[in-house]
Every structure is written in structure tokens, then in C-alpha cells.
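One-letter residues, chain by chain:
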Amino acid sequence: MSHKVTEQTEELVRPILDKLSLELVDVVFEKEGPNWFLRVYIDKEGGVDIEECGQVSEQLSAKLDEADPVTDAYFLEVSSPGVERPLKKETDFESNIGKHVYIKLYEPISGEKEFTGDLIDFKDGYANIRYKDKAKQKEIEIPFKKIAKARLAVTFD
């Protein structure tokens, strides 16, 4: 059910975001305790503000009421993805070259399933990461199809 809800929500929210020149980052439908949450993460260059989130929420809520893809009671949340924005599509990687990232893999590469480092390149379906292993700088090429989860990572220097 969760996959169907997120797909339908994506279809409903895209025209709203296109009109407002906003980008869809992610749609998540998840249960927390007894409650269901439909979370829509939006963004634009320079970030989104509370008014934009409210506008999208209001318009999307009306569309969801019409289409009725969710049978259970739920809370709709529209927000910015925050500083640790998820990287879901290849284009997300391409547009975040030079940034600090966290990547978790489906299966280990070089004995590791998690990498945190700088995204130095993304080409032909491979993310190139420069990371620290003990005191040494290393680079690794990670196939996009092996990435289970990825996001921007905050650094405290």
C-alpha cells in the first residue's frame, strides 16, 4: 500500500510544484506509533520557506481528498528536506558534486557498507567518493545501483 500511496501522491503534487517552480525531493508514507504520516519534501535553489510549504500543503490536500489514495487516517506534512537532504536520483548526485555525503550500500565494497566523504564526481552510473580511512585519504567508485540510501552529510570543522 505504501508504494502505491507515494506514487499517486507524486503524480498529484508534480503539477502543483511545476506551477510554483519547486522541486520534488521525496515522498514518504510511514507509520509512527499509531499514526500514519504522508511526508512530501520539496526544495528549490536557496531553499523553501514556510509559505511555500503551506501553499503546496493546501493544494495537495485538496487533490488528495479528491483522489483518496489513502484509506487510513493520516497526517500530511510538506517540508524542506533540511541540510541532510536525501540523494535519490542520479541527477541528485550530479547536482551535488563537491558536497559531503553519506552513502549506505546494499552489499559491501572493499569490506565496507557505509561511506562518508566528498562526492568528487558522478559519471556513467558511478559515484566517486573521497573519504578518510584512518589517517589516509582514499577514493572509491560506487555503482549507483548498489546504493541503498544516500544523503548530504553535515560536517563540523
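Rules used throughout
- Residues numbered from 1 in each chain as written.
- Predicted model: local features only at pLDDT ≥ 70, side-chain atom pairs only at ≥ 80, totals over all residues.
- Heavy atoms only, no water.
- Patch = residues over 30% accessible without salt bridge, like charges linked within 9 Å, V, L, I, M, F, W, Y side chains within 5 Å.
- Areas by Shrake-Rupley, 256 points an atom, 1.4 Å probe, with all protein chains shown as cover.
- Salt bridge = Lys/Arg side-chain N within 4 Å of Asp/Glu carboxyl O.
- Helix = DSSP H or I, 4+ residues; strand = E, 2+ residues; numbered from the N terminus.
- Buried < 20%, exposed > 50% of the residue type's maximum accessible area, 1.4 Å probe, protein only.
- Pairing = 2+ DSSP bridges.
- Axes fitted to C-alpha atoms, helices over the stretch in contact; angles between N-to-C directions.
- Contact = heavy atoms within 4.5 Å.
- 1 Å grid on protein atoms, 1.4 Å probe; cavity = no way out; pocket = protein on both sides within 12 Å on 5 of 7 lines; lining within 4 Å.
- Points joined across faces, edges and corners; volume = space filled by probe spheres on them.
- Nonpolar A, V, L, I, M, F, W, Y, C, P; charged D, E, K, R; others polar.

Considerations on a nonpolar patch on the surface
At step 1: A surface patch of nonpolar side chains, about 360 Å² in accessible area, is lined by Val83, Val154 and Phe156.
At step 2: Checked against the element boundaries, phenylalanine 156 lands in the segment after strand 8 (147-152).
At step 3: Given a relative accessible area of 77%, phenylalanine 156 falls into the exposed group.

Some thoughts on the pattern of salt bridges
At step 1: Evaluated as defined, the whole model comprises 14 salt bridges.
At step 2: Here glutamate 107 ties to lysine 146 by a salt bridge, and the two come within 3.4 Å at their closest N and O atoms. Remark: lysine 146 occurs in the loop between strand 7 (136-143) and strand 8 and glutamate 107 occurs in strand 4 (residues 100-109); sequence separation between them is 39 residues.
At step 3: In this structure, lysine 138 engages aspartate 133 in a salt bridge whose closest nitrogen and oxygen atoms are separated by 2.8 Å.
At step 4: For lysine 138, a relative accessible area of 33% puts it in the partly exposed group.
At step 5: Taken together, the salt bridges that share partners define one network made up of Glu23, Asp43, Arg85 and Asp92.

Considering the sheet that holds strand 1 (residues 23-32)
At step 1: Spatially, three strands are ordered 1-2-3 in an open sheet, and the strand pairing comes out mixed. The open sheet has two edge strands with one neighbour each: strand 1 and strand 3 (74-79). Ignoring which end each strand starts from, the neighbouring axes of this sheet average 15° apart.
At step 2: Relative to strand 2 (residues 35-43), strand 1 is paired through nine bridges, and the arrangement is antiparallel. The residue bridging valine 28 from the neighbouring strand is arginine 39, located in strand 2.
At step 3: Relative to the sheet, helix 1 (residues 2-19) contacts strand 1 and strand 2, its axis offset from that of strand 1 by approximately 145°.
At step 4: Along the sheet face, helix 2 (residues 50-67) touches strand 2 and strand 3 and points at about 145° away from the line of strand 3.

A word on the layout of surface pockets
At step 1: What the largest pocket holds in volume is close to 330 Å³.
At step 2: Lining the largest pocket are 15 residues, with Pro86, Leu87, Lys88, Lys149 and Ala150 positioned closest to its centre.
At step 3: Those elements giving two or more residues to the lining of the largest pocket turn out to be strand 1 and strand 8.
At step 4: At five residues, strand 8 tops the list of elements feeding residues into the lining of the largest pocket.
At step 5: In terms of residue class, the lining of the largest pocket is made up of nine nonpolar, no polar and six charged.
At step 6: Taken as a whole, the second largest pocket holds about 260 Å³ of empty space.
At step 7: As for the second largest pocket, its lining consists of Glu23, Asp43, Lys44, Glu45, Gly46, Arg85, Asp92, Ser95, Asn96, Lys99 and Leu152.
At step 8: Looking at side-chain class alone, the lining of the second largest pocket contains one nonpolar, three polar and seven charged residues.

Topic: the environment of isoleucine 142
At step 1: Relative to the elements of secondary structure, isoleucine 142 occurs in strand 7.
At step 2: Note: C-alpha distance between isoleucine 142 and leucine 24 (118 residues apart in sequence) is 25 Å.
At step 3: Aside from chain neighbours lying at most four places away, what touches isoleucine 142 is Ile103, Leu105, Ile109, Phe115, Gly125, Tyr126, Ala127, Ile129 and Ile147.

None of this, on its own, says anything about what the molecule does.
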